[in-house]
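Here is how the chains run, residue by residue.
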Amino acid sequence: MLDKLTAAVLDAVNAGTDGSYKVMDADDFSAALQGADANALDSALKYLAERGYIDIRYSDKGTYCLCSLPKGRTYSETVMQERTVKKTRGRFWAVFFGAFAGGFLGALAAGLLAAFLL
């Protein structure tokens, strides 16, 4: 599992490269850095390259030629699917308990109404 900064950098690489080598500047990662410095970007890119998420052809003073590898694209897709599943499960339980509470309150109201009218 990647930390937030590294995952954000991987998402930026995936969005910017589309599986082919592209030249990206440190400015392209500004949204992903979340206030971190250039050393954090270098560390995150090296970490991703060492583990096979991306391939770095060269890097020079904040300019990188890199490409996302299948493992990196698969990781991002898997994380998105997990987030979708968690949202779906949360919605299911909210609907389930909402329906249960509505049915209970409706039955209680009907019982009270029947008790007062009879």
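Everything in this summary refers to the structure shown in the same document. If you're wondering where the values come from, they're calculated on a predicted model, not measured in any experiment.

## Section: a nonpolar patch on the surface
Taken together, F92, W93, F96, F97 and F100 make up a surface patch of nonpolar side chains, about 600 Å² in accessible area. By the secondary structure assignment, F100 is in helix 4 (residues 70-117). We classify F100 as exposed; its relative accessible area is 57%.

## Looking at helix 1 (residues 4-17)
Between its first and last C-alpha, helix 1 extends 20 Å over 14 residues, near the 20 Å set by a 1.5 Å rise per residue. Extensive coverage of helix 1 is indicated by the burial of 10 of its 14 residues. All of the buried residues along helix 1 are L5, T6, A7, A8, V9, L10, A12, V13, N14 and T17. Along its buried surface, helix 1 packs onto strand 1 (22-25), helix 2 (30-33), helix 3 (38-50), strand 2 (54-60), strand 3 (63-68) and helix 4.

Reading the values: rules and limits
Residues numbered from 1 in each chain as written. Predicted model: local features only at pLDDT ≥ 70, side-chain atom pairs only at ≥ 80, totals over all residues. Heavy atoms only, no water. Patch = residues over 30% accessible without salt bridge, like charges linked within 9 Å, V, L, I, M, F, W, Y side chains within 5 Å. Areas by Shrake-Rupley, 256 points an atom, 1.4 Å probe, with all protein chains shown as cover. Salt bridge = Lys/Arg side-chain N within 4 Å of Asp/Glu carboxyl O. Helix = DSSP H or I, 4+ residues; strand = E, 2+ residues; numbered from the N terminus. Buried < 20%, exposed > 50% of the residue type's maximum accessible area, 1.4 Å probe, protein only. Expected span 1.5 Å × (residues − 1). Contact = heavy atoms within 4.5 Å.

Read these as spatial facts, not as claims about activity.
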